[in-house]
Amino acid sequence: GQNIDQPTEMTATEGAIVQINCTYQTSGFNGLFWYQQHAGEAPTFLSYNVLDGLEEKGRFSSFLSRSKGYSYLLLKELQMKDSASYLCAVSPADRGSTLGRLYFGRGTQLTVWP
Amino acid sequence: DTAVSQTPKYLVTQMGNDKSIKCEQNLGHDTMYWYKQDSKKFLKIMFSYNNKELIINETVPNRFSPKSPDKAHLNLHINSLELGDSAVYFCASSPRLAGTYEQYFGPGTRLTVT
């Protein structure tokens, strides 16, 4: 089975840094995605990690440790518009019944206060 | 230019009715998906199609029937609607059938069954 775990809620203030953690257990591993979803809108792609280490993209960075089944999304210089749900999604091995699948965590609702 | 579009955006109907949701993507992608996001924001795969061929058919009641007339369109027909079908349904697409590609989501269809 697939198990993806992330905190339900987090709060932070404008200008701060926040780290959203995600742990996973899947049958095979083909990469981990982070998506952002504002209330009432569609999820939008933020990052993809398949190798261990940190991927930086502007104010957002994503880290992966495959041996630990662990990832985090780091958001710097927080802005009010960053208030959203952040979804961790794992792609299991691309074979058989898991071909092309994404398994999502339940999302972390981030609230940024002024 | 809308990449992935869905109609309708809102759908309110009574139990027992039959309804359809339509999805179109103009990205030239090979693979399309239907997801269901419940009231707790959990995003779960329902179906995926690759070049009009059904690939993933998750454990979904057979009242749900997808249809892909061509690789740019994926529709979802639901028979005998039940209260538990109330959710937001997202269509998504990706360039190829592989878990290494990001998925592009449509704006969602909020279905309310009364």
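Residues numbered from 1 in each chain as written. Chains lettered and ligands numbered in written order. Predicted model: local features only at pLDDT ≥ 70, side-chain atom pairs only at ≥ 80, totals over all residues. Heavy atoms only, no water.

Focus: the nonpolar core
Where we set the bar: Nine residue types can take part in a nonpolar core, namely buried Ala, Val, Leu, Ile, Met, Phe, Trp, Tyr and Cys, and a core is a set of them joined through side-chain atoms within 4.5 Å. Relative accessibility thresholds used throughout: buried, under 20% of the residue-type maximum; exposed, over 50%; partly exposed, between the two (1.4 Å probe, protein chains only). Each helix is a run of H or I in the DSSP string that is no shorter than four residues. Each strand is a run of E no shorter than two, and both are numbered from the N terminus.
Ile 4, Leu 32, Trp 34, Leu 75, Leu 78, Tyr 86 and Leu 110 of chain A are the most contacted members of the largest nonpolar core, which has 21 residues in total. Elements with a contribution of two residues or more to this core: β3 (18–25), β4 (32–37), β7 (60–65), β8 (70–75), β9 (84–90) and β11 (108–113) of chain A. Listed in part, the 19 residues of the second largest apolar core include Leu 11, Phe 64, Tyr 89 and Val 113 of chain B.

Let's talk about the packing of aromatic side chains
The criterion, for reference: Working definition: a ring pair exists when centres of Phe, Tyr or Trp rings (six-membered ring for Trp) sit within 6.5 Å. Plane angles under 30 degrees give stacked, over 60 give edge-to-face, the rest tilted.
Inspection of every chain in the model, using the stated rule, returns 16 aromatic pairs over all chains. Considering the side-chain rings of Phe 33 of chain A and Tyr 48 of chain A, the 4.6 Å spacing of their centres and the 40° angle between planes classify their relative orientation as tilted. Note that Phe 33 of chain A is positioned in strand β4 and Tyr 48 of chain A in strand β5 (residues 44–49), a separation of 15 residues in sequence. Owing to a relative accessible area of 23%, Tyr 48 of chain A belongs among the partly exposed residues under this scheme. Relative to Tyr 89 of chain B, the ring of Phe 64 of chain B has its centre 6.3 Å away and its plane inclined at 35°; by these criteria the two rings are tilted. Taken together, the residues Phe 64 of chain B in strand β7 (residues 64–70) and Tyr 89 of chain B in strand β9 (residues 87–94) connect sequence positions 25 residues apart.

Without other data, these values stay purely geometric and don't point to any function.
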